[in-house]
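Listed below, chain by chain, are the residues.
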Amino acid sequence: MIVKVLEERCKGCGLCIEFCPKKVLVFSERRNQQGYKIVALAFPEKCNQCGICYLMCPEVVFVKEDSFEK
Amino acid sequence: MSQLFRFPQSLKKTLFHYCPGCHHSLIHRLLCEVIDELGIREKTVGIASIGCSCFLYFYIDVDIVEAPHGRACSAATGIKRARPDLLVFTYQGDGDFAAIGLGDSLHSASRGEKFTVLMINNTLYGMTGGQVSPTTPLCQKTTTTPLGRDPQVHGYPMKIAEMLGNFEGVALSARVAVNNPKRVLSAKEVLKKAFLYQREAKGFTYVEFLSACPVNWKMDPLSATKYVDKLTEIFPLGTFKDIG
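The shown structure was predicted, so the numbers you read here are calculated from the model rather than taken from an experiment.

Chemist: It is not clear to me how the overall build of chain B should be interpreted in this structure. Could you clarify?
Modeler: In terms of helices and strands, chain B carries 10 helices and nine strands. A compact globule built from 244 residues should have a C-alpha radius of gyration of about 18 Å, and chain B, at 17 Å, falls within 12% of that. Overall, chain B is about 50 × 40 × 30 Å in size when its C-alpha atoms are taken along their principal axes. Evaluated residue by residue, chain B yields a buried proportion of 57% over its 244 residues. Within chain B, contacts between residues separated by at least 24 positions form 68% of all contacts whose residues are at least 6 apart in sequence. Computed over 27 positive and 22 negative side-chain charges, the separation of the two mean positions in chain B equals 2 Å.

Written out as structure tokens, the structure reads:
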């Protein structure tokens, strides 16, 4: 499973980057429509899907591929 | 843990209007996860209050009533008494629950009305620009206490969860925080317990969330999240009443 980043929801608060135990996430240089710097998976191979980014993200940015479209 | 990485079904896909790093939206998600896990989406009614959370009906896909400022507990009393089969929750801030609505809130608790209160304590009035609220800790700077809260002038902070622990009608009174992953998980457990107690008609259930307000605390999201640790020294986390 690859974690999907819903880029339009991201507000660039950085809580996921702070709490990620494997340091997978970084700020990318891109910005979304709201003007926030978005988070990106820099090292997806290091991700062990612990779910801490999902737990700490206030905006529900990290989801499974299939759970957002329903 | 099956909920991880699943977008909660009761949460609408609208983008949140909250500031970056605000814990409101995290608590919205926890609430939606609990509603989904208990399967009570079709018989839940929420009471939104005035404050940053007044647009609750944009985000949570259950029936929501907007109550006047501070009157959420009274509106919830009416709904719960008319339809005891529904599960009713109110979603209030500290300015709403503990300042203007203190009378309504305490009398609902002392009558033992069987609904759940989510109180989001960010220690100031967030929506109106960061004025002092009853739960502002001593020495905290706000727009109306620019030199810090002085007990001789502005009084002492009010500890609502401890106070409600002494009420006979209260079934559960707890204070939780959501500033690290462990606390998020335990906050969800407490919230779930509150809804279960309500379903068993045990009494008034109260869950207080210590929440970060980065903009009005004039901090960045990370330092605001860390500052909540400091707040827990003034407002200790824990369950102050649980009738089991």
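Chemist: Is there a simple way to explain the packing of aromatic side chains in this structure?
Modeler: How two aromatic rings sit relative to each other is set out by the distance from centre to centre and by the angle between their planes. The tally for this structure, following the rule as stated, stands at 12 aromatic pairs over all chains. When the centroid spacing of 5.9 Å and the interplanar angle of 50° are considered together, the rings of B:Y18 and B:Y59 count as tilted. You can see B:Y18 sitting in the segment before α1 (24–38) and its partner B:Y59 sitting in helix α2 (residues 56–59), a full 41 residues away along the chain. The two residues B:Y18 and B:Y59 agree in class, both being buried. Between B:F55 and B:Y57 the ring centres are 6.3 Å apart and the planes differ by 90°, which places this aromatic pair in the edge-to-face class. Ring pairs connect the aromatic residues B:F16, B:Y18, B:F55, B:Y57, B:F58 and B:Y59, which therefore count as one cluster. Across the ring face of A:F43, the terminal group of A:K46 is positioned such that the distance to the ring centre comes to 4.7 Å. Above the ring of B:Y197, the side-chain terminus of B:K202 is found at 4.4 Å from the ring centroid.

Chemist: Would you take a moment to explain the packing of α1(B) against helix α8 (residues 181–199) of chain B for this structure?
Modeler: When two helices pack together, their arrangement is given by the angle between their axes and by how far apart the axes lie. Residues and elements named next belong to chain B. Here α1 crosses α8 at 50°, and the two axes come no closer than 10 Å. Judged by the angle between their axes, α1 and α8 are oblique. In the crossing of α1 with α8, the sense of the turn from one axis to the other is right-handed. Touching L26, R29, L30, L31, E33, V34, E37 and L38 of α1 are V184, A187, K188, L191, K192, F195, L196 and R199, all from α8. Taken together, the residues that form the contact of α1 with α8 break down as 10 nonpolar, no polar and six charged.

Chemist: How do you make sense of unusual backbone geometry when you look at a structure like this?
Modeler: A negative phi angle characterises most non-glycine residues, just as the trans form characterises most peptide bonds. Residue A:Q49 is not a glycine yet carries a positive backbone phi of 55°. With respect to the helices and strands, the residue A:Q49 is situated in the loop between β3 (37–41) and α2 (52–56). Positive phi is not limited to glycine here, since B:T123 has a value of about 65°.

Chemist: Any chance you could explain a nonpolar patch on the surface here in plain terms?
Modeler: Residue and element names in this part refer to chain B. Judged by side-chain polarity, F55, Y57 and F58 come together as a nonpolar surface patch covering roughly 250 Å² of accessible area. Mapped onto the fold, F55 is located in the loop between β1 (44–48) and α2. On the accessibility criterion, F55 (31% relative accessible area) is partly exposed.

Definitions and cut-offs
- Residues numbered from 1 in each chain as written.
- Chains lettered and ligands numbered in written order.
- Predicted model: local features only at pLDDT ≥ 70, side-chain atom pairs only at ≥ 80, totals over all residues.
- Heavy atoms only, no water.
- Helix = DSSP H or I, 4+ residues; strand = E, 2+ residues; numbered from the N terminus.
- Rg over C-alpha atoms; globule rule 2.2 N^0.38 Å.
- Buried < 20%, exposed > 50% of the residue type's maximum accessible area, 1.4 Å probe, protein only.
- Contact = heavy atoms within 4.5 Å.
- Lys, Arg positive; Asp, Glu negative; His and termini not counted.
- Charge placed at Lys NZ, Arg CZ, Asp CG, Glu CD.
- Phe/Tyr/Trp six-rings, centres within 6.5 Å; stacked < 30°, edge-to-face > 60°.
- Lys NZ or Arg CZ within 6 Å of the ring centre and 35° of its normal.
- Axes fitted to C-alpha atoms, helices over the stretch in contact; angles between N-to-C directions.
- Parallel < 35°, antiparallel > 145°, perpendicular 65-115°, else oblique.
- Left-handed = near helix turned anticlockwise from the far one by under 90°.
- Nonpolar A, V, L, I, M, F, W, Y, C, P; charged D, E, K, R; others polar.
- Patch = residues over 30% accessible without salt bridge, like charges linked within 9 Å, V, L, I, M, F, W, Y side chains within 5 Å.
- Areas by Shrake-Rupley, 256 points an atom, 1.4 Å probe, with all protein chains shown as cover.
- Salt bridge = Lys/Arg side-chain N within 4 Å of Asp/Glu carboxyl O.

In short, geometric facts, not functional conclusions.
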